[in-house]
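The primary structure of each chain is shown beneath.
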Amino acid sequence: VGLTGSDVDAAVPAGVAGAGVPYAFLVVHPDAVARAVPDPAAVRAHTDGLVGLVVVAYDAPAGAAHMLMFAPDVGVAEDPATGSAAVALAVLLVDR
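The residue numbers shown here count from 1 along each chain, following its written sequence. Restriction of local features to residues with pLDDT of at least 70 applies here, the model being predicted, together with a cutoff of 80 or more for giving and counting side-chain atom pairs; totals for whole chains, interfaces and linings are based on all residues. Water and hydrogen atoms were dropped before computing side-chain values, which therefore reflect all heavy atoms in the structure.

(A) View of the sheet that holds strand β3 (residues 52-59). Pairing is mixed across the open sheet formed by five strands, whose spatial order is β1-β2-β3-β4-β5. Either end of the sheet is taken by a strand with one partner, and the two such strands are β1 (15-18) and β5 (76-79). In this sheet, neighbouring strand axes are inclined to one another by 25 degrees on average, regardless of whether the strands run parallel or antiparallel. In the sheet, strand β2 (residues 22-27) pairs with β3 via five bridges, with the strands oriented parallel. Looking at the pairing, Val27 lines up with Val56 of β3. Against the sheet, helix α3 (residues 83-94) engages β1, β2, β3 and β4 (64-71), with an angle of about 65 degrees to β2. Here, strands pair whenever DSSP counts at least two bridges between them. A helix here means a DSSP run of H or I that spans at least four residues, while a strand means a run of E at least two residues long, and both kinds are numbered starting from the N terminus. Axis geometry follows a simple rule: fit a line to the C-alpha atoms, using only the stretch in contact for helices, then measure angles between N-to-C directions, giving values from 0 to 180 degrees. Note on contacts: a residue pair is in contact if any heavy atoms of the two residues lie within 4.5 Å.

Here it is in structure tokens:
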């Protein structure tokens, strides 16, 4: 999705979460979300059996998240406001 290892926020480990609809999550630094780009082949390579990939920056003190969801196998190249991914993010954060 056009990002590098230095974009990853190690404070929240990447993982898989869902509330009925599973997603892979890559937690990144805030400036990295805007640089993420749709790459259907890369997303498919890392989301077998999942709906898609969520690239998210999480600001714990503010309780805020900024995210993009990529799900080419269900016809969504890029979506900034996916309700099922937002719920899945809450599940991911509770486990962390």
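(B) Local environment of the pattern of salt bridges. Salt-bridge detection follows one rule: a side-chain nitrogen of Lys or Arg within 4 Å of a carboxyl oxygen of Asp or Glu. Per the counting criterion, the structure on display carries three salt bridges. Between Asp31 and Arg35 there is a salt bridge; the shortest N-O distance is 3.3 Å. Where Asp73 meets Arg44, a salt bridge forms, and the shortest distance between an N and an O atom there is 2.5 Å. One end of the pair, Asp73, is in the loop between β4 and β5; the other, Arg44, is in helix α2 (residues 40-46), and 29 residues separate them in sequence. Summary of the burial criterion: residues with accessible area below 20% of their type's maximum are buried, those above 50% are exposed, and those between are partly exposed, where the area comes from a 1.4 Å probe applied to protein chains only. With a relative accessible area of 39%, Arg44 lands in the partly exposed category. In the salt-bridge network here, residues are joined through shared partners; they are Asp7, Asp31 and Arg35.

(C) Spatial organisation of the packing of aromatic side chains. Only rings of Phe, Tyr and Trp enter the pairing, Trp through its six-membered ring, and a pair is recorded when the two centres are within 6.5 Å. The plane angle decides the type: under 30 degrees is stacked, over 60 is edge-to-face, the rest tilted. Following the criterion strictly, the structure yields one aromatic pair and no others. On the basis of an interplanar angle of 65 degrees and a centroid distance of 6.4 Å, the ring pair of Tyr23 and Phe25 is categorised as edge-to-face. A residue is classified by how much of its surface remains accessible, and Tyr23, at 2% relative accessible area, is buried. For Phe25, a relative accessible area of 2% gives the class buried.

The quantities given are spatial measurements derived from coordinates; they are silent on function.
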